[in-house]
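Below, each chain spelled out in residue letters.
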Amino acid sequence: MRTPRAWFVEEVLPRMKGRVFLARFADDFIVGFQKEEDAEKGYRVHFQRFEKYGLSLHPEKTRLVPLGRPEEPYALIGRVRCRGGAAG
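Residues numbered from 1 in each chain as written. Predicted model: local features only at pLDDT ≥ 70, side-chain atom pairs only at ≥ 80, totals over all residues. Heavy atoms only, no water.

> What should I look at first to understand the pairing of strand S1 (residues 20–25) in this one?
Taken together, the 6 bridges between S1 and strand S2 (residues 28–33) define a ladder with antiparallel strand orientation. Across the sheet, Ala-23 pairs through a bridge with Ile-30, a residue of S2. Counting the residues in the hairpin turn of S1 and S2 gives 2 residues, including Ala-26, whose phi is positive at 55 degrees. (Pairing = 2+ DSSP bridges. Helix = DSSP H or I, 4+ residues; strand = E, 2+ residues; numbered from the N terminus.)

Okay, here's the thing in structure tokens:
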């Protein structure tokens, strides 16, 4: 079985139109997409990939968050982020 990183590099990256990154920390991960259409496709694919192995992503914690200038604070790997950066 391939590692999650190998799957991402071999299967996900070639299908994207813009720049993409994957960051992992313990049992969390963040995927950043340059293009919204890639983000929507990646969102669907990650749910399918986890289901394939009998796993699931938490539906309330797994979501698309537009980066740049977010209007509302959001949690990112256990820390709340807002316009000025981290807030606790």
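Okay, back to it.
> Even after reading the chapter, I still don't get the nonpolar core, so can you show me in this structure?
As a rule of thumb, soluble globular proteins bury nonpolar side chains together. In this structure, Trp-7, Phe-8, Val-12, Met-16, Val-20 and Val-31 together form the largest nonpolar core, which totals 6 residues. Ranked by residues supplied to this core, first place goes to helix H1 (residues 4–12) with 3 residues. When residues no more than four places from it in sequence are discounted, the contact partners of Val-31 are Phe-8, Val-20, Phe-21, Leu-22 and His-46. (Core = buried A, V, L, I, M, F, W, Y, C linked by side-chain atoms within 4.5 Å. Buried < 20%, exposed > 50% of the residue type's maximum accessible area, 1.4 Å probe, protein only. Contact = heavy atoms within 4.5 Å.)

> Can you walk me through the side chain of Thr-62 in this structure?
Turning to its location among the elements, Thr-62 is positioned in the loop between helix H2 (36–52) and strand S3 (74–76). Leaving out residues up to four positions away in the same chain, Thr-62 has contacts with Tyr-43, Phe-47 and Leu-57.

> Just checking my understanding: could you explain the pattern of salt bridges for this structure?
Two side chains that carry opposite charge are able to pair once their charged atoms sit near each other. In the structure shown here, the tally under the stated rule is 2 salt bridges. Residues Arg-15 and Glu-11 are paired through a salt bridge, measuring 3.2 Å at the closest nitrogen-oxygen approach. (Salt bridge = Lys/Arg side-chain N within 4 Å of Asp/Glu carboxyl O.)

> Even after reading the chapter, I still don't get H1, so can you show me in this structure?
Along H1, the positions that sit buried rather than exposed are Ala-6, Trp-7, Phe-8 and Val-12. Those residues of H1 that are buried lie in contact with S1, S2 and H2.

> Whenever I open this one, the environment of Phe-21 confuses me. Can you help?
Along the chain, Phe-21 falls in strand S1. With relative accessibility at 44%, the residue Phe-21 sits in the partly exposed group. Separated by 13 residues in sequence, Phe-21 and Gln-34 have C-alpha atoms that sit 9.1 Å apart. Those residues in contact with Phe-21 that lie beyond four places of it in its chain are Phe-8, Ile-30, Val-31 and Gly-32.

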